[in-house]
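Chain by chain, the residues:
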Amino acid sequence: MPELPEVETIKNQLKEKIIGKKIGKFFVKEVERRGKMLIIKLTKQKSLVFHLKMTGQLIYQGTKNKHTRKVFKFNDGSCLLFNDLRKFGWFKFVKDFEEMKEIKGLGPDALLIKEKYLRDGLQRRKTKIKALLLDQKFISGIGNIYADEILFEARIDPRKRASNLTFFEISSLYEAIKKILKKAIQQRGSSAKDYLDAFGKEGAYLEFHKVYQKTGKPCFVCKTNIQRVKINQRSTHFCPTCQNN
DNA sequence: CCATGTACCTGAAGGC
DNA sequence: TGCCTTCAGGTACATG
């Protein structure tokens, strides 16, 4: 599932390959990321905006398959494939992408948030902390995999109410968000299922996962079996001993 | 404000 | 072998 680290990886890889290339009547000027969305900025203020949802892929110089929804062709003969097995993902060709409701509705990027923003936001929210981390209006970029990994790193029970986190726990959470996301970017993301980077390669972060999809396995730290519960319809993995507060 | 349910979609996995 | 059910997940939207 392309979350922030996966989209960041695709963005970095595409930047190296497509900036300056011509597509249709436009040139590619820049590639950016907002939360989980990828933006290919073109000349004349136009943009291609993508949300890959769960199974979307953007593959440079890929080979078409049954899940290929769109082939973008550049004038030098290279191409960019948009694949999506489950068809939840989308792309739009727009003018002024900053004005899109999907972009305007995003909270600050998880890599850029300030500790104070987190502290103030948590204080006035009664929802479970895991649910809040997934709320793109509050913080953008974190999905189900990294929410679980971040909360394990911070040793916080995902069911705990946001407003009940202690001062120290919020500090830990803030540090964990940055640490886990940066490390995942270094590994080019996590290929839990369908994710591939822009060169069609799997991400390597999965081997660093401590709780996600580890139900019933011994905790990395204390050997207690990892538990799975549902929080707001999302499967949530955590260690009942390490994350007990 | 918060939680829950439903819809979108496909393929894998498990039960019988 | 094969049919049926369940599950996975990001987000919008409707409903308690």
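Residues numbered from 1 in each chain as written. Chains lettered and ligands numbered in written order. Predicted model: local features only at pLDDT ≥ 70, side-chain atom pairs only at ≥ 80, totals over all residues. Heavy atoms only, no water.

On to the nonpolar core. Grouped together as the largest cluster of nonpolar side chains are 31 residues, with contacts concentrated most on L118, L122, I142, I150, L173 and I177. Contributions of two or more residues to this core are made by α3 (115-123), α4 (129-134), α5 (144-153) and α6 (167-186). Ranked by residues supplied to this core, first place goes to α6 with nine residues. Ignoring sequence-local partners within four residues, the contact set of L122 consists of I129, L132, F138, A162, S163, L165, I170 and L173. Counting 22 residues, the second-largest nonpolar core is a separate cluster that includes V31, F50, Y60 and Y195. (Core = buried A, V, L, I, M, F, W, Y, C linked by side-chain atoms within 4.5 Å. Buried < 20%, exposed > 50% of the residue type's maximum accessible area, 1.4 Å probe, protein only. Helix = DSSP H or I, 4+ residues; strand = E, 2+ residues; numbered from the N terminus. Contact = heavy atoms within 4.5 Å.)

Close to DNA strand B lie 13 residues; R86, K87, K126, T127 and R161 are nearest. The protein-proximal atoms of DNA strand B, defined as those within 4 Å of the protein, are 64% sugar or phosphate. Between DNA strand B and K87 there is a distance of 2.6 Å, counted from a phosphate oxygen to a side-chain nitrogen or oxygen. The residue inventory of the surface near DNA strand B, partitioned by class, reads two nonpolar, four polar and seven charged. (Near = heavy atom within 4 Å. Polar contact = N/O pair within 3.5 Å; in protein donor to acceptor, adjacent residues only side chain to side chain. Nonpolar A, V, L, I, M, F, W, Y, C, P; charged D, E, K, R; others polar.)

Glancing now at the protein's contact with DNA strand C. Neighbouring residues of DNA strand C: 14 residues in total, closest H51, R86, R228, K230 and S235. Backbone sugar and phosphate groups make up 53% of those atoms of DNA strand C lying within 4 Å of the protein. Take R86: an N or O atom from its side chain is 2.4 Å from a base nitrogen of DNA strand C. One nitrogen or oxygen atom from the side chain of Q136 is found 3.5 Å from a phosphate oxygen belonging to DNA strand C. Elements that contribute at least two residues to the surface near DNA strand C include exactly β9 (227-231) and β10 (234-238).

On to the environment of P2. Looking at where P2 falls in the secondary structure, it is placed in the segment before α1 (4-18). Ignoring anything within four residues of it in the chain, the contact list for P2 reads V7, K36, L52, K53, M54, G56 and Y195.

Strands sit in the order β5-β7-β6 across an open sheet of three strands; the sheet is antiparallel. Among the strands making up the open sheet, the edge pair consists of β5 (56-60) and β6 (68-73). On average, adjacent strands in this sheet sit at an angle of 15° to one another, irrespective of strand direction. Relative to strand β7 (residues 79-84), β5 runs antiparallel, the two being bridged by five bridges. (Pairing = 2+ DSSP bridges. Axes fitted to C-alpha atoms, helices over the stretch in contact; angles between N-to-C directions.)

Take the packing of α5 against α6 next. Look at α5 against α6: their axes get within 8 Å of each other, and the N-to-C directions meet at 125°. In terms of orientation, α5 and α6 fall into the oblique class. Note on packing geometry: the crossing formed by α5 with α6 is right-handed. When α5 is examined against α6, the residues Y146, E149, I150, L151 and E153 are found in contact with a partner set consisting of L173, A176, I177, K179, I180, L181 and A184. Its residues assigned to classes, the contact of α5 with α6 comprises nine nonpolar, no polar and three charged. (Parallel < 35°, antiparallel > 145°, perpendicular 65-115°, else oblique. Left-handed = near helix turned anticlockwise from the far one by under 90°.)

What follows concerns the pattern of salt bridges. Side-chain pairing between opposite charges can occur once the charged atoms of the two side chains come close. Counted according to the given criterion, the structure contains 19 salt bridges. Among the salt bridges present, the one from K15 reaches E30, with a minimum N-O distance of 3.2 Å. One end of the pair, K15, is in helix α1; the other, E30, is in strand β2 (residues 26-34), with 15 residues separating them in the sequence. Exposure remark for K15: the relative accessible area of 30% places this residue in the partly exposed category. A relative accessible area of 26% places E30 in the partly exposed class. Via salt bridges that share partners, E8, K11, R33 and D109 belong to a single interconnected network. (Salt bridge = Lys/Arg side-chain N within 4 Å of Asp/Glu carboxyl O.)

What follows concerns the layout of surface pockets. The volume enclosed by the largest pocket comes to roughly 590 Å³. Along the walls of the largest pocket sit 20 residues, with K36, M54, G143, N144 and R234 positioned nearest its centre. Grouping the constituent residues of the lining of the largest pocket by class yields eight nonpolar, six polar and six charged. (1 Å grid on protein atoms, 1.4 Å probe; cavity = no way out; pocket = protein on both sides within 12 Å on 5 of 7 lines; lining within 4 Å. Points joined across faces, edges and corners; volume = space filled by probe spheres on them.)

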